[in-house]
Amino acid sequence: MRRFFASLFLLFTAVSLVFSEEFEGIAVGRFLSKDVDNTMKIFIKGSKMKMVPEKQISGTNGYPIVDFRARKGIFVFVDEKYYMEIPLDVMIKNVEEKPVLLSEGGDEKYLGFNAKKFVYSGKDFRIEALGTGELQIALNPFIGVQRIGNEGFLVSASAHYLYKSSIAPLKIVVYNPKGERLMSVEIVSIQKQKLSDREFEVPEGFRRFSEVVKERMKRGR
Amino acid sequence: MRKGLAYIVAAALPLSVGFGLDGYISLSLMDRYYDRFINDSSMSRVKTEVIVGGKVNSFGLEARIINYYGVGVNFGRLLYSERVGIEVGGYFEVDNFSLELRNTLWDGVEMYDEVRVLFYYFSSTDLITVSPRMCVSYDFRGLSVDLSIAASVSVPTTPIITLNIPVSLSGIFGNYREVLFSGVSGITLSPRISLYWKEVDLSIEGGYFFGLNQLFSSYPYVSLKVGVEL
């Protein structure tokens, strides 16, 4: 009897470990707004993420790297070979202080996952989202979208609501009261694969922006 | 015996080694307008300097050759002056703290020593810098002290754009320019916009010195500087 319960406990632990394993792999996302149509490669390993856009954003060739658990993030400027800190802790605080409370809708199949629909209807906008509990993600992959206007904040906050509910956001669309699409982010493909820790480090030879400024200011004396 | 050897080897291993050597040449034009104490109505000055330096870990050495060419107007007469200086200096930097010691020889005769203590504080996003500074300099005329604090905002564009707003309080002690004076001479406010490309710097500065003693005239000045990394 004792052996039976010991085996059951071991089996339960093993199963829990398998299903609680955090996602590691590469997703491709598409961002659409009135002025922008861009895709990005999202590298995820546990609570670390690197998001590399296909096209430059506002003339800047760069990408963010974040560690969600540590609440730290940097933006790497590829051409200039420096990086600067981004206020990830402030961005997380923003979406947690002003949450978007989505209501659960029906079920849907999306990218081979069993996904759930979520909706929110407000006076000035409507949000539709899709998320799945079949992916264990340890971060909000759309935390940075809040920088792009009010619609961006709604996307970010909706994704955060899903993340906090242990649901991986797959698609979020914001509409105006007329039903016109204002902004959307969606995962178009996702692939599990092992990633090196080096993928989430500052590239070799890159300096911190403050060091570059400090050095140039010293010269200007 | 083995333990002793291990300790010797550990002591010989460098903690970290970094070496950099760089050169820099700059040209600056400065125009000052004042009419008392120095007894000039205005003065324009062109400064050319070449800097060569190297750094190992937290210590650095620098050598500069500085040439000042000035044109002054005194009661309608044009006066020209030229000074050449050779400066050698060393600095110690750790994190955001910097201590510099410099010695300059002007025209082969006049010695000028300077000690600077700088500290940099960066905001969490690296965009805002606050840097208090103390500079003590000494030459045959006396001792002068500068206490300043500068706030700057930098934008990570190409070029990097920095707006720097320093305020400094100057004091003089001893026989300065043949005047026995000890105390605060004035306050300088000197906002500056700088553009930093990869090898080229461009700065435009407009300042005003507020004389706090009748011995020291207030005067405005404007300065343009271009620097190129060698």
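The structure we're discussing is the one just above.
Residues numbered from 1 in each chain as written. Chains lettered and ligands numbered in written order. Predicted model: local features only at pLDDT ≥ 70, side-chain atom pairs only at ≥ 80, totals over all residues. Heavy atoms only, no water.

Draft legend 1. Examining empty space enclosed by the protein more closely. Residues and elements named next belong to chain A. Under the defined criterion, the tally for this structure stands at two cavities of 30 Å³ or more. Reported here for the largest cavity is a volume of approximately 90 Å³. Around the largest cavity, the lining residues are F23, A27, I42, I44, L135, I137, P141, A168, P169, L170, I187 and I190. At the level of secondary structure, the elements contributing two or more residues to the lining of the largest cavity comprise β2 (37-45), β10 (168-175) and β11 (181-192). (1 Å grid on protein atoms, 1.4 Å probe; cavity = no way out; pocket = protein on both sides within 12 Å on 5 of 7 lines; lining within 4 Å. Points joined across faces, edges and corners; volume = space filled by probe spheres on them. Helix = DSSP H or I, 4+ residues; strand = E, 2+ residues; numbered from the N terminus.)

Draft legend 2. Here's a closer look at the side chain of E186 of chain A. All names here are of chain A. Note on placement: E186 falls in strand β11. Within the structure, E186 has its side chain in polar contact with the side chain of Y110 (distance 3.2 Å). Not counting chain neighbours up to four residues away, the residues in contact with E186 comprise V28, G29, R30, Y110, L170, K171 and R181. (Polar contact = N/O pair within 3.5 Å; in protein donor to acceptor, adjacent residues only side chain to side chain. Contact = heavy atoms within 4.5 Å.)

Draft legend 3. The side chain of S148 of chain B, seen in detail. Looking at the secondary structure, you find S148 of chain B in strand β9 (residues 142-155). Beyond its immediate sequence surroundings of up to four residues, S148 of chain B is in contact with S131, P132, R133, V167 and S168 of chain B.

Draft legend 4. Molecular detail of the packing of aromatic side chains. Per the stated rule, a full pass over the model turns up nine aromatic pairs over all chains. An angle of 20 degrees between the planes, with centres 5.7 Å apart, marks the rings of Y120 of chain A and F125 of chain A as stacked. Among the residues examined, F125 of chain A registers a relative accessible area of 21% and is labelled partly exposed. Judged by centre distance (5.0 Å) and plane angle (45 degrees), the ring pair of F59 of chain B and F92 of chain B falls under tilted. Here F59 of chain B, found in strand β3 (residues 59-74), pairs with F92 of chain B, found in strand β4 (residues 77-94); they are 33 residues apart in sequence, far enough to count as distant. Judged by relative accessible area, F92 of chain B falls into the partly exposed class, the value being 27%. Joined through ring pairs, the aromatic side chains of F75, F77, Y82 and F209 of chain A make up one cluster. Above the face of the F43 of chain A ring, K50 of chain A is positioned so that its terminal group lies 4.9 Å from the ring centre. The ring of Y175 of chain A has R126 of chain A sitting right over it, with the charged end atom 4.6 Å from the ring centre. (Phe/Tyr/Trp six-rings, centres within 6.5 Å; stacked < 30°, edge-to-face > 60°. Buried < 20%, exposed > 50% of the residue type's maximum accessible area, 1.4 Å probe, protein only. Lys NZ or Arg CZ within 6 Å of the ring centre and 35° of its normal.)

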